[in-house]
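Topology and contacts: notes
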Amino acid sequence: MIEYRTDWEIPEISHSNQIQVKSRLSGICTSDLHQIDVNLPYSATILAKKINPIPMEHEVVGEITQIGEDVESLEIGDRVVHSPVAYCEAYGFEPCPSCQHGHHESCYAIVEVGDGSNLEESYGGRGRFGGFSGGGFSEYFVGFAKQFTNVPDSLPDELAVLSEPFAVGLHAAAKNPPDTNDTAVVIGAGIIGLMIVAAVRHIAPDCRIITLARYPFQAEAAKRLGSHEVIMEATRDETYGLVAELTEGTLLKPRLGQRILYGNTGPDIIYDSIGTGATLDDALHLVRSNGRIIAVGMAFSEMKKPDWAIQIYKEISVIGSMMHGVETMDGEEVESMEKVLEILNANQSMFEGLVTHKYAIDDYKSAFQTSSHKGKTGAIKVAFDFSQ
Ligand SMILES: [Zn+2]
Ligand SMILES: [Zn+2]
């Protein structure tokens, strides 16, 4: 359930490692829409906050208005982007087993598994900050200094606000890069699909990218960000035929059901930016034998039943990808948010125009409507503009 509140008190920092931020531009993520619709599988509730009510949002550019005394890396007035990954070190906890292995995206704090320590209690629980309830749909919010990264002066808010979804794409591609001569297929050309295209293009400049898109404005954006070919949504059989044709794949027709691409030609790696049962089933049908499927999108609705037998017949690796944290790129460890800001800043024209709509926060109904009906509105990223 969501409620628009005008009586929400401005949150103050309570710890010396925190900062208070005034929101400038906050992107609406599809996961926000799923939360509004309460369209979630049971498993997603492990990510839900126990505190209620709590302000939503996890993609925001803002300006620092208060700063804890132990924060050295940031200053009042700095323009920053926010990461929803509030991990042990951000809080000041001893690293949990995930953090010890550098996997901030699966930190125990995100699912509120704690130790009942006084420090934990002083925050009001281990999972109080970050996650899908970062607070950027409010004028002011509080987070840990380690969740924020300085935005280069030359990078406008409209591009900086793409940092978080771009970090999701970068994490998927950096952890599971295509090989140089691979053909990668990206299923879906919403913002996550587009950010995967941009990340794959950056990480594997010579690999071929084919994107499956629904709308012409998405196809145009996918090409601008580095997709060589775009296949527009058609019937499943037509789409499968086109993918096979472009990748010299062999399609077999089982006695019942959809054709299956089989053997060692065809897409080498498929990134699924949507994450429904249907798109995962498509990926299983379309990837070549011994290929990889990277499941990035979280449609959040209950999964239908993909035909998992195909995974066995074709020895497919199916790998999940969740949020972001620290990536290994060119043999070096880099913070995802720092890396995406660097790429955005160096390639600004590629990313221009992806924020298609901006609304004042009190016009939230129009904003969510616009974001929910992309075909009609041409929306890619819809954002709340707090300067309005
Ligand atoms: Zn998101
Ligand atoms: Zn942790």
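This text follows the structure it describes.
None of the values given here were measured: they were computed from a predicted structure. Throughout this description, residue numbers start from 1 for each chain and increase along the sequence as written. Chain A is the first chain written and ligand 1 is the first ligand written, with later ones labelled in order. Only residues with pLDDT of at least 70 are given local features in this predicted model, and only at 80 or more are side-chain atom pairs given and counted; all residues enter the totals for whole chains, interfaces and linings. Here the side-chain values reflect all heavy atoms present in the structure, with hydrogen atoms and water set aside.

Attention now moves to the pattern of salt bridges. Note that side chains of opposite charge can pair when their charged atoms are close. The term salt bridge refers to a pairing of a side-chain nitrogen on Lys or Arg with a carboxyl oxygen on Asp or Glu at a separation within 4 Å. Summed over the entire model, instances satisfying the criterion amount to 19 salt bridges. The salt bridge partner of Lys 146 is Glu 89, with a shortest N-O separation of 3.5 Å. Placement of Lys 146 in the loop between strand 4 (140-144) and strand 5 (148-150) and of Glu 89 in helix 2 (residues 88-91) is noted, with a sequence separation of 57 residues between them. Relative accessibility under 20% of the residue-type maximum defines a buried residue, over 50% an exposed one, and the middle range a partly exposed one, all with a 1.4 Å probe and only protein chains included. Residue class for Glu 89 comes out partly exposed when judged on its relative accessible area of 47%. Put simply, DSSP marks the helices as runs of H or I at least four residues long and the strands as runs of E at least two long, and each gets a number from the N terminus on.

As a further point, take the coordination of the zinc ion (ligand 2). In ideal tetrahedral geometry, four donors around a metal make angles of 109.5 degrees, whereas ideal octahedral geometry with six donors gives angles of 90 or 180 degrees. Any nitrogen, oxygen or sulfur atom within 2.8 Å of a metal ion counts as a donor, with the limit raised to 3.2 Å for Na, K and Ca, and since water is left out, coordination shells can look unfinished. Listed as protein donors to the zinc ion (ligand 2) are Cys 88 (SG), Cys 96 (SG), Cys 99 (SG) and Cys 107 (SG); their distances from the metal cover 2.3 to 2.4 Å. Every geometry call rests on angle ranges, with four donors termed tetrahedral when all angles are between 85 and 135 degrees, four termed square planar and six termed octahedral when opposite donors are over 155 degrees apart and all others are between 65 and 115, and everything else termed irregular. Taken together, the 4 donor atoms coordinating the zinc ion (ligand 2) and their angles of 100 to 117° define a geometry best described as tetrahedral. Sequence spacing of the donor residues for the zinc ion (ligand 2), all on one chain, is C-x7-C-x2-C-x7-C. With Cys 88 in helix 2 and Cys 99 in helix 3 (residues 97-100), this pair connects stretches of sequence that are 11 residues apart. An identical accessibility class is assigned to Cys 88 and Cys 99; each is buried.

Right, let's talk about the sheet that holds strand 12 (residues 292-295) for a bit. Here the rule is simple: two strands pair whenever DSSP picks up at least two bridges between them. Pairing in this open sheet of 6 strands is parallel, and the strands run 8-7-6-11-12-13 from one edge to the other. Every other strand in the sheet has two partners, leaving strand 8 (229-232) and strand 13 (317-320) as the edge strands with one partner each. Between one strand axis and the next, the sheet turns through 20° on average, direction left out of account. When strand 6 (residues 183-187) meets strand 11 (residues 269-272), the two strands line up parallel, connected through 4 bridges. Paired with Ala 184 across the two strands is Ile 269, which belongs to strand 11. Lines fitted to the C-alpha atoms define the axes, with helices restricted to the stretch that makes contact. Angles between their N-to-C directions range from 0 to 180 degrees.

Turning next to the coordination of the zinc ion (ligand 1). Around the zinc ion (ligand 1), the protein supplies Cys 29 (SG) and His 58 (NE2) as donor atoms, at distances of 2.2 Å. With Cys 29 in the loop between strand 1 (18-27) and helix 1 (30-37) and His 58 in the loop between helix 1 and strand 2 (60-67), the pair connects residues that are 29 residues apart, well separated along the chain. With a relative accessible area of 14%, Cys 29 lands in the buried category. Owing to a relative accessible area of 2%, His 58 belongs among the buried residues under this scheme.

For strand 1, the buried fraction is high: 8 of the 10 residues fall into the buried class. Direction of pairing for strand 1 relative to strand 4: antiparallel, over a ladder of 5 bridges. Residue pairing across strands places Ile 19 opposite Gly 143, the latter belonging to strand 4. Relative to strand 2, strand 1 runs antiparallel, the two sharing 7 bridges. Paired with Ser 26 across the bridge in strand 2 is Val 60. In terms of strand pairing, strand 1 meets strand 17 (residues 381-385) through 3 bridges, oriented antiparallel. In the sheet register, Leu 25 faces strand 17, and the bridge partner there is Asp 385.

Residues of helix 8 (residues 216-224) that are buried: Gln 218, Ala 219, Ala 221 and Ala 222. Taken end-on, helix 8 shows its buried residues confined to a sector of 165°, consistent with a single buried face. Opposite the buried face of helix 8, by more than 90 degrees, sit the exposed residues Pro 216 and Lys 223. Contact definition: two residues touch when any of their heavy atoms are within 4.5 Å. On its buried face, helix 8 sits against helix 7 (191-203), strand 7 (208-213), strand 8 and helix 15 (374-377). Taking the helix axis as origin, the arc is that swept by the directions to the C-beta atoms.

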